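# Commentary on secondary and tertiary structure
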Amino acid sequence: MTKTKKEKVSADVEEAAVADGNEKSYHELIAHVNPIAQPLASKKLSKKLYKCVKKASKVKNIRRGVKEVQKFINKGETGIVVMAGDTLPIDVYCHLPVMCEDRNLPYAYIPSKGDLGSSAGSKRPTCVILIKPHADYQDAYDECVAEVTGLPKPL
């Protein structure tokens, strides 16, 4: 019995396998966004927000879900509110932008609730996340706040 060497799969083959899977491009995701999803984050800002959510979830510094986010916004907690633009029905979370504007909280929509949930370390899709500031990821948080507040607000 001799040992056989396993062949290493090249990086190009792995990337092609990922592309063939459930990965959708930013433009494909935008096609399924709700009409109220304004301001919608750009592709670059979406990636930054996903990374910030991932860092915040590692230190357990996020609020996940409409009920929890709404409760802590009412209690006066601060942070960035990230909402998924492909959530149906719209009535589930259409009141949150008004609450954010009343309390001067920055908020933005991203195209996919599945990606938002997976970046938070969950297997379930999530439609709303509140990212709270923390010293471990303060530079990424400040950068996201600056870009989200610079987005044009809906009329």
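Quick note: structure is the one above.
Figured I'd write up the structure that's included with this text. (Residues numbered from 1 in each chain as written. Predicted model: local features only at pLDDT ≥ 70, side-chain atom pairs only at ≥ 80, totals over all residues. Heavy atoms only, no water.)

### Thoughts on the sheet that holds strand E2 (residues 80–84)
Here is the rule: Pairing between strands is defined by DSSP: at least two bridges between them are needed. Labels follow the DSSP assignment, with helices taken as runs of H or I lasting at least four residues and strands as runs of E lasting at least two, numbered in each case from the N terminus. Orientation is described by lines fitted to C-alpha atoms, with helices fitted over the stretch in contact, and by angles between N-to-C directions that extend from 0 to 180 degrees. Throughout, a contact is declared for two residues whenever any of their heavy atoms are within 4.5 Å.
Across the sheet, which stays open at both edges, the four strands sit in the order E1-E4-E2-E3 with mixed pairing between neighbours. Because the sheet does not close on itself, it has two edges, and the strands there are strand E1 (62–64) and strand E3 (107–110). Taking each pair of neighbouring strands and ignoring which way they run, the sheet shows an average axis angle of 20 degrees. Sitting on the sheet, helix H3 (residues 43–58) is in contact with E1, E2, E3 and strand E4 (128–131), with an inclination near 70 degrees to E4. Across the sheet, helix H7 (residues 138–149) touches E2, E3 and E4, and the angle it forms with E2 is around 70 degrees.

### Some thoughts on a positive patch on the surface
What counts is decided by this rule: A residue counts toward a patch only above 30% relative accessible area and without a salt bridge, and it is joined to like-charged neighbours within 9 Å or, for Val, Leu, Ile, Met, Phe, Trp and Tyr, to nonpolar neighbours within 5 Å. Only the protein chains shown count as cover for residues, and the accessible areas themselves come from Shrake-Rupley with a 1.4 Å probe. Note on definitions: salt bridges are taken to be side-chain nitrogens of Lys or Arg within 4 Å of carboxyl oxygens of Asp or Glu. For the purpose of counting charges, residues Lys and Arg are taken to be positive, whereas Asp and Glu are taken to be negative. His and the chain ends are not included. By convention, the charge on Lys lies at NZ, on Arg at CZ, on Asp at CG and on Glu at CD.
There is a patch of like positive charges on the surface, built from Lys43, Lys47, Lys51, Lys54, Lys55 and Lys58. Assignment of secondary structure puts lysine 54 in helix H3.

### A closer look at the environment of leucine 40
Relative to the elements of secondary structure, leucine 40 occurs in the loop between helix H2 (26–30) and H3. When the C-alpha positions of leucine 40 and lysine 153 are compared, they lie 9.6 Å apart, and in sequence the two are 113 residues distant.

### A short note on helix H4 (residues 66–74)
The periodicity of an α-helix, 3.6 residues per turn, causes residues three or four places apart in sequence to face the same way. The cut-off we apply is this: For the exposure calls, accessible area comes from a 1.4 Å probe over protein chains only, and a residue counts as buried if that area is under 20% of its type's maximum, exposed if over 50%, partly exposed in between. In this description, one arc is meant: the one made by directions from the helix axis to the C-beta atoms.
Turning to H4, its buried residues are Val66, Val69, Phe72 and Ile73. All buried residues of H4 lie within an arc of 145 degrees about the axis, which places them on one face of the element. Turning to H4, the residues buried within the fold contact E1, E2, helix H5 (96–102) and E4. In the segment just after H4, glycine 76 is the residue with positive phi, at about 100 degrees.

### Description of the environment of valine 81
Looking at where valine 81 falls in the secondary structure, it is placed in strand E2. Note: C-alpha distance between valine 81 and valine 69 (12 residues apart in sequence) is 8.3 Å. Among all residues touching valine 81, those that are not within four sequence positions of it are Ile73, Cys100, Leu105, Pro106, Tyr107, Ala108, Val128, Ile129 and Leu130.

### Digging into the packing of H3 against H7
Note the cut-off: Any angle that is under 35 degrees is reported as roughly parallel, and any over 145 degrees as roughly antiparallel; angles of 65 to 115 degrees are reported as roughly perpendicular and all others as oblique. Crossing chirality is assigned from the near helix's rotation relative to the far helix, an anticlockwise turn below a right angle marking it left-handed and a clockwise turn marking it right-handed.
Between H3 and H7, whose axes approach to 10 Å, the crossing angle comes to 140 degrees. As far as their axial angle goes, H7 and H3 are oblique. Where H3 crosses over H7, the two elements pack in a sense that is left-handed. Taken together, the residues of H7 that come into contact with H3 (itself represented by Leu45, Lys48, Leu49, Cys52 and Lys55) are Ala140, Tyr141, Glu143, Cys144, Glu147 and Val148.

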